[in-house]
Amino acid sequence: MKSKLLLMVVLTTLVAAPELASAQSVTATATVAEYALISGTGDLAFGTLSRATDNVIDAAGGAGHATRTVDFNHDVSITFNNVPANLTSGTLMLPVLLTCASQMAGVWSAAAPCATAQLDLDVGAALTTATLGFGGTIAAADVATAVAGNYTGTFDIVVTAR
């Protein structure tokens, strides 16, 4: 009888004993990167210049213009740094006004001087694509007084999240 009573006490203790539990938390994190990719090749090419008429290349298309493609997943502003006011050949200078425009959904923005342009592009989907176009003007009067040579200049495209 004592053994039955002892067994009942042990079983009751096991059933009535509180469960010992351990808890922890797990935190999940994620970072969404600012995605913007510029691609493309080709340079703005004025070719052999005329001394009789201004040499104009439309940034939105036409002979000699250059383009770049921008893929982005957030609203961006595009600006241009180090835009030259002159193309150079050694120490020689040829004045130029470089222009920039953008195209989204088949519609080109108005061309603006690259030195002061800010192109604000908005995301239309998870990934949006735009085309940047480059053109410019070299005045006939500046060509008429320029020394023969190959004149060049470069500038930087800057994409910033906004």
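A short tour of the structure in this document, coming up. This is a predicted model, so every value here is computed, not measured.

1. What about the sheet that holds strand β10 (residues 119–121)?
In a beta sheet, neighbouring strands are held together by backbone hydrogen bonds and run either parallel or antiparallel to one another. With antiparallel pairing, three strands are arranged side by side in an open sheet as β10-β4-β12. At either margin of the open sheet sits one strand with a lone partner, and together these are β10 and β12 (156–161). Between one strand and the next, the sheet's axes are offset by a mean angle of 25°, whatever the strand orientation. Note: strand β4 (residues 76–81) against β12, six bridges, orientation antiparallel. Bridging from a neighbouring strand, S77 pairs with T160 of β12.

2. Focus on the pairing of strand β11 (residues 128–138)
Counted residue by residue, β11 has eight buried out of 11 residues, so it is predominantly covered. Here strand β2 (residues 55–57) pairs with β11 via three bridges, running antiparallel. Residue pairing for β11: I57 is matched across the bridge by G136. Strand direction decides the pairing type here: strand β3 (residues 66–72) and β11, joined by seven bridges, are antiparallel. For T69, the partnering residue across the bridge sits in β11 and is T131. Here strand β7 (residues 97–104) pairs with β11 via seven bridges, running antiparallel. From the neighbouring strand, S102 faces β11, where its bridge partner is L132.

3. Focus on the packing of aromatic side chains
Taken as a whole and judged by the stated rule, the model has three aromatic pairs. Residues F80 and F134 carry aromatic rings whose centres are separated by 5.9 Å and whose planes lie at 90° to one another, so their mutual orientation is edge-to-face. Remark: F134 occurs in strand β11 and F80 occurs in strand β4; sequence separation between them is 54 residues. Taking the relative accessible area as the measure of exposure, F80 reaches 6% and is therefore buried. Considering the side-chain rings of F80 and F155, the 6.0 Å spacing of their centres and the 80° angle between planes classify their relative orientation as edge-to-face. Highlighted residues: F80 in strand β4 and F155 in the loop between α2 (140–144) and β12, separated in sequence by 75 residues. Under the relative-accessibility criterion, F155 is labelled partly exposed at 22%. Taken together, the ring pairs connect F80, F134 and F155 into an aromatic cluster.

4. Quick notes on the nonpolar core
Counting residues in each nonpolar core, the largest one holds 24 residues, and the members touching the most others are I78, F80, F134 and I138. Those elements that provide at least two residues to this core are β3, β4, β7, β10 and β11. Counting residues per element, this core draws most heavily on β11, at four residues. Excluding anything up to four places from it in sequence, F80 contacts C100, C114, A117, L119, F134, F155, D156 and I157.

5. What to know about the pattern of salt bridges
If the charged atoms of two oppositely charged side chains come close together, the side chains can form a pair. The final tally for this structure, using the stated rule, is two salt bridges. With a shortest N-O distance of 3.6 Å, R162 and D120 are connected by a salt bridge. You can see R162 sitting in the segment after β12 and its partner D120 sitting in strand β10, a full 42 residues away along the chain. A residue is classified by how much of its surface remains accessible, and R162, at 46% relative accessible area, is partly exposed.

Quick notes on the rules
Residues numbered from 1 in each chain as written. Predicted model: local features only at pLDDT ≥ 70, side-chain atom pairs only at ≥ 80, totals over all residues. Heavy atoms only, no water. Pairing = 2+ DSSP bridges. Helix = DSSP H or I, 4+ residues; strand = E, 2+ residues; numbered from the N terminus. Axes fitted to C-alpha atoms, helices over the stretch in contact; angles between N-to-C directions. Buried < 20%, exposed > 50% of the residue type's maximum accessible area, 1.4 Å probe, protein only. Phe/Tyr/Trp six-rings, centres within 6.5 Å; stacked < 30°, edge-to-face > 60°. Core = buried A, V, L, I, M, F, W, Y, C linked by side-chain atoms within 4.5 Å. Contact = heavy atoms within 4.5 Å. Salt bridge = Lys/Arg side-chain N within 4 Å of Asp/Glu carboxyl O.

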